[in-house]
Each structure stands twice: as C-alpha cells, then as structure tokens.
Amino acid sequence: MSREEDNVQRLREAYGRWAAQKGGDPECWLELAADDATLRSLADGAPEMRFTRTRRTKSEVRRYLDELTRDWEMVSHDMNEFIAQGDRVVVVGEVEWRNRATRKAAKTRKVDIWLFRDGKAVGFEEFYDTARMFAAAQSDGDAADPEGDRAGNG
C-alpha cells in the first residue's frame, strides 16, 4: 500500500469511528496525531466558538475535542470524499452539529485538510460555514440569524 493509500485508509477508519460514536471518543483522532500536531479551524476562536482557536500540540488537540463535544452534539458526520497527494489528504463531506446550550442545529458542507509526516498527522485545518455555526451558537436574544431559517434552527 502506498503512503497516500495508507493515510486515506487510516482517515476513513477514524472518520467512521467518529461518526459511529457521535463524537463520543476522541481517541480516533489522537491515535493519528503527532505530539507536535497543529489544528486550525475557520472560526479561529471566535466568541461563539472559542474552542476553535489554533492548537499546537497533541494535548491541546485533545482539549479542542473535549470542548467541542462539551458545547456541541453531533447530529451527523458524513465525510466521504478523500483526495490524497503526497503527504496531504483533503476530505470533503457534510456535517450537522447541535449546540447544547441553544439546542439549535447547523448543517454545513465541510472540508478538512490533513498533513502527515512519518505516518502521523502534523497538520489539520477545517473549513465550514461559520455563519451557520455562529447562528446556532447564539440564543434567540443574542443577534439576528444572518442565514434566516437556513441555519437549521429547531
């Protein structure tokens, strides 16, 4: 198996575990991560999603995952397109998360970009519709929903 195929296979397994457990066990990601792994999120620590600030170590990645699942509940997580070139894998799909405080859900397309070194993930960046996520994180009294009812309120 080539390096690219190996990286894709390990990611398919991790995404499968993550979805099957509804985000209940972060070990599927931590097993992949190098000690010096960097995680970046499009929300970049915005007030509605403070946990998304950049993380620079495996232990900080664990905190990100703990804070994500503390604040949000996975509804669905279907990452099904894997594109590999060299040490980089791009994963495309669709996810839906519900904010635990507001009970509002946000469904969005998602793109994850992984960078591997010596079989371990050293870089991860995630891209998604931040407006929908921010709207779901805001209580009805906080601000108007910029996406109208498309944010998955419910």
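Owing to the predicted nature of the structure, the values given are computational and were not obtained by experimental measurement.

Participant: Before we go on, may I ask you to explain the environment of Ile113 in this structure?
Facilitator: Tracing the backbone through its elements, the reader meets Ile113 in strand 4 (residues 105-117). Residues Ile113 and Val91 lie 22 residues apart in sequence; the distance between their C-alpha atoms is 6.4 Å.

Participant: Explain the packing of aromatic side chains here, please?
Facilitator: Going through the model one piece at a time under the given rule, you end up with nine aromatic pairs. A ring pair is formed by Trp18 and Trp97, whose centres lie 6.3 Å apart and whose planes are at 45°; its orientation type is tilted. Placement of the pair is Trp18 in helix 1 (residues 3-20) and Trp97 in strand 3 (residues 88-99), with a sequence separation of 79 residues. You'll find Trp18 and Trp97 in the same group, each marked buried.

Participant: Would you take a moment to explain the pattern of salt bridges for this structure?
Facilitator: Side-chain pairing between opposite charges can occur once the charged atoms of the two side chains come close. Applying the stated criterion across every chain, the model contains 15 salt bridges. In this structure, Asp6 engages Arg10 in a salt bridge whose closest nitrogen and oxygen atoms are separated by 3.9 Å. With Asp6 and Arg10 both in helix 1 and four residues apart, this pair spans about one turn of that helix. Two residues, Lys110 and Asp112, come together in a salt bridge whose shortest N-O distance is 2.4 Å. Taking relative accessible area as the criterion, Lys110 reaches 7% and is therefore assigned buried. The buried category is assigned to Asp112, whose relative accessible area is 1%.

Participant: Explanation requested: the pairing of strand 4 in the structure shown.
Facilitator: Each regular strand carries side chains that alternate between the two faces of the sheet. With eleven bridges connecting them, strand 3 and strand 4 associate as antiparallel partners. If you follow Val91 over to strand 4, its bridge partner there is Asp112. Linking two consecutive strands that pair antiparallel, namely strand 3 and strand 4, is a turn of five residues; a positive phi of about 70° is found at Arg103 within it. Across eight bridges, the pairing between strand 4 and strand 5 (residues 120-128) is antiparallel. Bridge assignment links Ile113 to a residue of strand 5, and that residue is Glu125. Here strand 4 hands over to strand 5 after two residues, with Asp118 in that stretch at a positive phi of 50°.

Parameters and conventions
Residues numbered from 1 in each chain as written. Predicted model: local features only at pLDDT ≥ 70, side-chain atom pairs only at ≥ 80, totals over all residues. Heavy atoms only, no water. Helix = DSSP H or I, 4+ residues; strand = E, 2+ residues; numbered from the N terminus. Phe/Tyr/Trp six-rings, centres within 6.5 Å; stacked < 30°, edge-to-face > 60°. Buried < 20%, exposed > 50% of the residue type's maximum accessible area, 1.4 Å probe, protein only. Salt bridge = Lys/Arg side-chain N within 4 Å of Asp/Glu carboxyl O. Pairing = 2+ DSSP bridges.

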